[in-house]
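Okay, here's what each chain looks like letter by letter:
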Amino acid sequence: MTTARKKFAVCIRNTGYEASLERRKIYEVLPDFDAAEHKQLRVVDESGEDYLYPQNYFAEIELSQPLRKALIASV
């Protein structure tokens, strides 16, 4: 997968998911059109696995190219 296709979001709320999500942390978002229809995002969380979370718990962000490369290298 190319770097242009990966999406990221920052967690802005973690109520009920404190063990899985850290507020103010950047997470990788995976495409899931069915989830989006239900106002959810598929996110790679603290476990390293992807799960569905409420969409309003995140703010999708655009990253600078150097930051994007650094984050993808660590995934």
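So, a few notes on the structure that sits alongside this text. Just so it is clear, the structure is predicted and the values come from calculations on it, not from any experiment.

**Quick notes on the sheet that holds strand β4 (residues 50-54)**
Read from one edge of the open sheet, five strands run β4-β3-β2-β1-β5, paired in antiparallel fashion. Edge positions in the sheet fall to β4 and β5 (58-61), since each has one partner strand and no second. Adjacent strand axes in the sheet meet at a mean angle of 45 degrees, parallel and antiparallel pairs treated alike.

**What to know about the layout of surface pockets**
Estimated volume of the largest pocket: approximately 250 Å³. Along the walls of the largest pocket sit 14 residues, with Lys7, Val29, Leu30, Pro31 and Asp32 positioned nearest its centre. When residues of the lining of the largest pocket are traced back to their parent elements, those giving at least two are β2 (26-30), α1 (33-37) and β3 (40-44). Top element by residues in the lining of the largest pocket is β3. It accounts for three residues.

Scoring rules and cut-offs
- Residues numbered from 1 in each chain as written.
- Predicted model: local features only at pLDDT ≥ 70, side-chain atom pairs only at ≥ 80, totals over all residues.
- Heavy atoms only, no water.
- Pairing = 2+ DSSP bridges.
- Helix = DSSP H or I, 4+ residues; strand = E, 2+ residues; numbered from the N terminus.
- Axes fitted to C-alpha atoms, helices over the stretch in contact; angles between N-to-C directions.
- 1 Å grid on protein atoms, 1.4 Å probe; cavity = no way out; pocket = protein on both sides within 12 Å on 5 of 7 lines; lining within 4 Å.
- Points joined across faces, edges and corners; volume = space filled by probe spheres on them.

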